[in-house]
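What follows is each chain in one-letter form.
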Amino acid sequence: MHQKNFTVHSALPTEEQDGFIDLDRLMAVITRRIRTIIAGVAIFLALAVAYLLTAPSSYTSMTQILLDENMTKYAEDQPPPASSQQADMEIASAVEILKSNEMALRVVDAAGLVNNDEILNPPQSPLALIKSGVKLIVSAFKPATPPLTPDQAREAQRQQVAAALQTDLKVERVTRSSVVAVSFDSTDPQLAAKVTAAYADAYLTDQLNANFDATERASVWLQERLNDLRERSQQAALDVEKYKADNGLTSTGGELMSEQQISDLNKQLIIAQADTASASARYYQYKSIIDQGPDNAVKNATISSSQTDNSVLQDLKTRYLNVQKREQDVTQNFGADHPQAVALRAEREDITRQIYQELQQLTASYKNEFDVAQSRAVSLRNSIEGVVGKNSEANKSLVRLNELNQKATALKTLYESYLSRYEEASQQRSFPIAKARVISAAGVPTAPSSPKKTLVMALSIVLGLMAGGAFAALQEFRDRYFRVESDVRTALGLKFLGYLPLLGQQTFDKKKKSRRQKAGPATAEEAENGVAFERIMRVSVEAPRSIFAETLRNAKLASDVMLQGRADRVIGVISALPGEGKSTTAANFAALLASSGKRTLLIDADLRNPGLSRMLKSPPQTGLIEAALGEIPWASAVRVDPRTKLAILPVVLRDHLLHTSELLSSQGMLNLMESARKMFDYIVVDLAPLAPVIDAKAFAPQVDAFLFVAEWGATPTNLVRDLLEQEPQINSRVLGVILNKTDMSELSRYSDFGGTERYRQKYTSYYTEERPKAEIDA
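Residues numbered from 1 in each chain as written. Predicted model: local features only at pLDDT ≥ 70, side-chain atom pairs only at ≥ 80, totals over all residues. Heavy atoms only, no water.

### Focus: the overall build of the protein chain
Turning to step 1, where the next piece is worked out: The helix and strand tally for the protein chain stands at 29 helices and 14 strands.
Turning to step 2, where the next piece is worked out: Every one of the 778 residues in the protein chain was classed for burial, and the buried ones make up 40%.
Turning to step 3, where the next piece is worked out: Here the contacts in the protein chain between residues at least 6 apart in sequence split such that 83% fall between residues at least 24 apart.
Turning to step 4, where the next piece is worked out: In the form shown here, the protein chain has an accessible surface area of approximately 42,600 Å², with 55% of it arising from carbon and sulfur atoms. (Helix = DSSP H or I, 4+ residues; strand = E, 2+ residues; numbered from the N terminus. Buried < 20%, exposed > 50% of the residue type's maximum accessible area, 1.4 Å probe, protein only. Contact = heavy atoms within 4.5 Å. Areas by Shrake-Rupley, 256 points an atom, 1.4 Å probe, with all protein chains shown as cover.)

### Observations concerning the sheet that holds strand 8 (residues 569–575)
Turning to step 1, where the next piece is worked out: Strand order in the open sheet formed by eight strands is 7-14-13-8-12-9-11-10, and the pairing between neighbours is mixed. A strand with exactly one partner marks an edge of an open sheet, and here the two such strands are strand 7 (496–501) and strand 10 (639–640).
Turning to step 2, where the next piece is worked out: The sheet contact formed by strand 9 (residues 600–604) and strand 11 (residues 647–649) spans three bridges and is parallel. Bridge pairing in strand 11 links Leu-601 to Ala-647. (Pairing = 2+ DSSP bridges.)

### Regarding the packing of helix 20 (residues 547–562) against helix 21 (residues 582–595)
Turning to step 1, where the next piece is worked out: Interhelical geometry of helix 20 versus helix 21 gives an angle of 75° and a closest axis separation of 10 Å. The orientation of helix 20 relative to helix 21 falls into the category roughly perpendicular. Touching Phe-548, Ala-549, Leu-552, Arg-553, Ala-555 and Lys-556 of helix 20 are Thr-585, Asn-588, Phe-589, Leu-592 and Leu-593, all from helix 21.
Turning to step 2, where the next piece is worked out: In the contact of helix 20 with helix 21, the residues fall into seven nonpolar, two polar and two charged. (Axes fitted to C-alpha atoms, helices over the stretch in contact; angles between N-to-C directions. Parallel < 35°, antiparallel > 145°, perpendicular 65-115°, else oblique. Nonpolar A, V, L, I, M, F, W, Y, C, P; charged D, E, K, R; others polar.)

### Structural notes on the pairing of strand 7
Looking along a regular strand, one sees the side chains alternate between the two faces of the sheet.
Turning to step 1, where the next piece is worked out: The element strand 7 is largely enclosed, with a buried count of six among its six residues.
Turning to step 2, where the next piece is worked out: In this sheet, strand 14 (residues 734–742) lies alongside strand 7 in parallel orientation, the contact comprising four bridges. Its bridge partner lying in strand 14, Tyr-499 is registered against Leu-739.

### Looking at the pattern of salt bridges
Turning to step 1, where the next piece is worked out: Evaluation of the coordinates by the stated rule reveals 23 salt bridges.
Turning to step 2, where the next piece is worked out: Note that Glu-550 and Arg-553 form a salt bridge whose closest N and O atoms lie 2.9 Å from each other. Residue Glu-550 and its partner Arg-553 are located together in helix 20, separated by three residues, close to a single helical turn.
Turning to step 3, where the next piece is worked out: The class of Glu-550 is partly exposed, set by a relative accessible area of 37%.
Turning to step 4, where the next piece is worked out: Overlapping salt bridges bring together Arg-566, Asp-568, Arg-677 and Asp-704 as one network. (Salt bridge = Lys/Arg side-chain N within 4 Å of Asp/Glu carboxyl O.)

### Overview of helix 21
Structurally, the α-helix is built with 3.6 residues per turn, so residues lying three or four positions apart point the same way.
Turning to step 1, where the next piece is worked out: Helix length check: helix 21 (14 residues) gives 20 Å between terminal C-alpha atoms against 20 Å at 1.5 Å per residue, within 8%.
Turning to step 2, where the next piece is worked out: Most of helix 21 is tucked away: 13 of the 14 residues are buried.
Turning to step 3, where the next piece is worked out: Note on helix 21: the residue one or two positions beyond its end, Gly-597, has a positive phi of about 95°. (Expected span 1.5 Å × (residues − 1).)

### Focus: the nonpolar core
Turning to step 1, where the next piece is worked out: Membership of the largest hydrophobic core comes to 55 residues, with the highest contact counts inside it found for Leu-492, Leu-601, Ile-603, Leu-624, Ile-683, Phe-708 and Leu-739.
Turning to step 2, where the next piece is worked out: When sequence neighbours within four positions are dropped, the list of residues in contact with Ile-683 reads Arg-569, Val-570, Ile-571, Leu-601, Ile-603, Met-673, Ala-676 and Arg-677. (Core = buried A, V, L, I, M, F, W, Y, C linked by side-chain atoms within 4.5 Å.)

### Focus: the sheet that holds strand 3 (residues 179–186)
Turning to step 1, where the next piece is worked out: Strand order in the open sheet made by the four strands is 2-3-1-6, with antiparallel pairing throughout. Each of the sheet's edge strands pairs with one partner strand only, and the pair in question is strand 2 (169–173) and strand 6 (436–440). Taken over all neighbouring pairs, the strand axes of this sheet differ in orientation by 25° on average, direction set aside.
Turning to step 2, where the next piece is worked out: Relative to strand 3, strand 2 runs antiparallel, the two being bridged by five bridges.

### What to know about the packing of aromatic side chains
Turning to step 1, where the next piece is worked out: In the structure shown here, the tally under the stated rule is two aromatic pairs.
Turning to step 2, where the next piece is worked out: Both rings, one in Phe-496 and one in Tyr-499, keep their centres 4.8 Å apart while their planes meet at 65°; by these two values the pair is edge-to-face.
Turning to step 3, where the next piece is worked out: Looking at Tyr-499, the relative accessible area reads 9%, which means it is buried.
Turning to step 4, where the next piece is worked out: When the ring centre of Trp-712 is taken as origin, the NZ or CZ atom of Arg-483, which lies over that ring, is 4.7 Å away. (Phe/Tyr/Trp six-rings, centres within 6.5 Å; stacked < 30°, edge-to-face > 60°. Lys NZ or Arg CZ within 6 Å of the ring centre and 35° of its normal.)

### Observations regarding the packing of helix 4 (residues 101–111) against helix 7 (residues 150–168)
Turning to step 1, where the next piece is worked out: Where helix 4 contacts helix 7, the two axes come as close as 9 Å, and the packing angle between them is 110°. One way to sum up the angle between helix 4 and helix 7 is to call them roughly perpendicular. For the pair helix 4 and helix 7, the sense of crossing is right-handed. Contacts from Asn-101, Ala-104, Leu-105, Val-107, Val-108 and Asp-109 of helix 4 reach helix 7 at Arg-158, Gln-159, Val-161, Ala-162, Leu-165 and Gln-166. (Left-handed = near helix turned anticlockwise from the far one by under 90°.)

### Comments concerning a nonpolar patch on the surface
Turning to step 1, where the next piece is worked out: On the surface, Leu-23, Leu-26, Met-27, Ile-30, Ile-34 and Ile-38 cluster together into a nonpolar patch covering about 510 Å² of accessible area.
Turning to step 2, where the next piece is worked out: Elements represented by at least two residues in the nonpolar patch include exactly helix 1 (23–32) and helix 2 (34–54).
Turning to step 3, where the next piece is worked out: At four residues, helix 1 tops the list of elements feeding residues into the nonpolar patch.
Turning to step 4, where the next piece is worked out: Relative to the helices and strands, Ile-38 is located in helix 2. (Patch = residues over 30% accessible without salt bridge, like charges linked within 9 Å, V, L, I, M, F, W, Y side chains within 5 Å.)

Spatial relationships are all this shows, so hold off on functional conclusions.
Right, here's the structure in full:
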């Protein structure tokens, strides 16, 4: 047999090769599942409408409070500007204060809301009623608590109202500003405005009270500290004066005389040491120049004008450079022996001698200055040592005096600091200014803030689209069945032969009415049997221009191409699962072959579930089993359709027949098939499904080609692929796949844009027969 190869293309959702979204496939999926998506939107819209009809209206009143540090700039000294992080912390603290339970209790007391029924028993939505019922049921199982006293009951009710206020209160910062927005939701607009205004007043009052209480406590504490510091500072000052008098420590300008003398000598010593260092540097510099000799002293010594003010030396140096330059010019132009060059050289040597003598004189002068400065520094150092020796006893007393002075000074400074802070705190108590102000007063809302109808409806549509899309995606993911031609090629790599539409009762009723008008009333046997075998098997014959017949003709053409050159052809009709319509397909395929003038034999080889044989008007007495066992000649069990001349070999079930696969592969069955090949051009064999039994596998060696029938939208692709991969002897001889029971009205919804199924309406002029609607299977 010839192995068929096909290019694989899939309409099923697969991983994108190029990493981009396949918009055509996505649009096809949306079109296919649009009813599911619309249903999801409709459900959520209905829920939204129900919510809007049952939810109580809520009104929101809002006020805005500005946290302004500049409010107290005239009442107190301003601290340095706070950083952005500190400002954020202050605003966050204000938000938490407004949300606190203490603030809620103040609002309850200030606005008189302890017995407000609108807060204690607000109108509830159905969901809230359900929650309340659940809480009531749960509370019934809790242990009983002792009764409360009137004061406890009032406090409990007060806490309950405060908790309700906290629940409906919303406090948030307005963008990145210093403004805090306070809003309150209530079913009563008047109550919403009242509570919001009470919150603003309570916050401003809390700020004033907090400032007053803080300054009051600070003033009391500072007053106590001032009294103590005053006494200690005075005692420390008295101790200093007493110690001076006891130790004879006289001072001028707050400093001991000996200390002043030492300080003056130290200053003079520092100056003398600086002069000595300067003179030493000049002396040793000139000495190093003199030590180099006359010539080198003039050439290598570099003395800036700032180091010496000797005009003679400067003039000599200038003359030396001019003569040297002239000597170089003459030497370069006329040579070293030129008389002018010799004269200039002699003049240069004379100037060198004069410069050297001048340097020697300066060196001697600096040597004298260095000796004088050094002697003065030694003298001052000796004087300091003498004064320090005399002042040693005074220094010992001075240590204790300094300690007493430091203590007295520290106490005085601390007292002055606390006195200043006490005065500031006293003054701040008299300024009733808070660091906040209301910039937007709470008004009475005129329209409900919730439920927001537009938002709820829009949100319900979005949620409906999301839910419908998710369910549609789940359906699409779970839809791993054969739907269109490309599914067959992708999953199986086999040729697709076509679609067989659903066969409906009305299809045959119309034909039956036409035949009755010609042949008279129906027989009692036809009325009793309902849809007879010959009517189902003749769909391809009685409707030759239908899609049904065209698909079977395509199967015949595939067999002619694949089995070209063979005089007799055995074609097996198989499926993966029972109930996929392979018996009906086999009967119509055989009837089509017989009507074309080919000698055709239809064998019902489904020995366990012979659906083909059940469609006969009268039950057969003998059939394939008896012929294969050699009990009767096989030709005696054959029945012939008088209209199409189709020969049919039925099956009679036997309870004691257990090994049907052995019978189909027996020598008797082989002999039967060899004999039938000699008498018929086509032998169509209706075989058992591949998944439940192995009968088709046992009979496969005697089959030239197979027609695979799969139910549209019901046969899993993975199941068929696995079955055929496990049976290569069958897979290699499959003519193609026919999708049976196809809902032609839904077919185009499962095709990608550009798929042949989307252009089915354009083929109606070629298919004039009425399309079936409901399935009748063997």
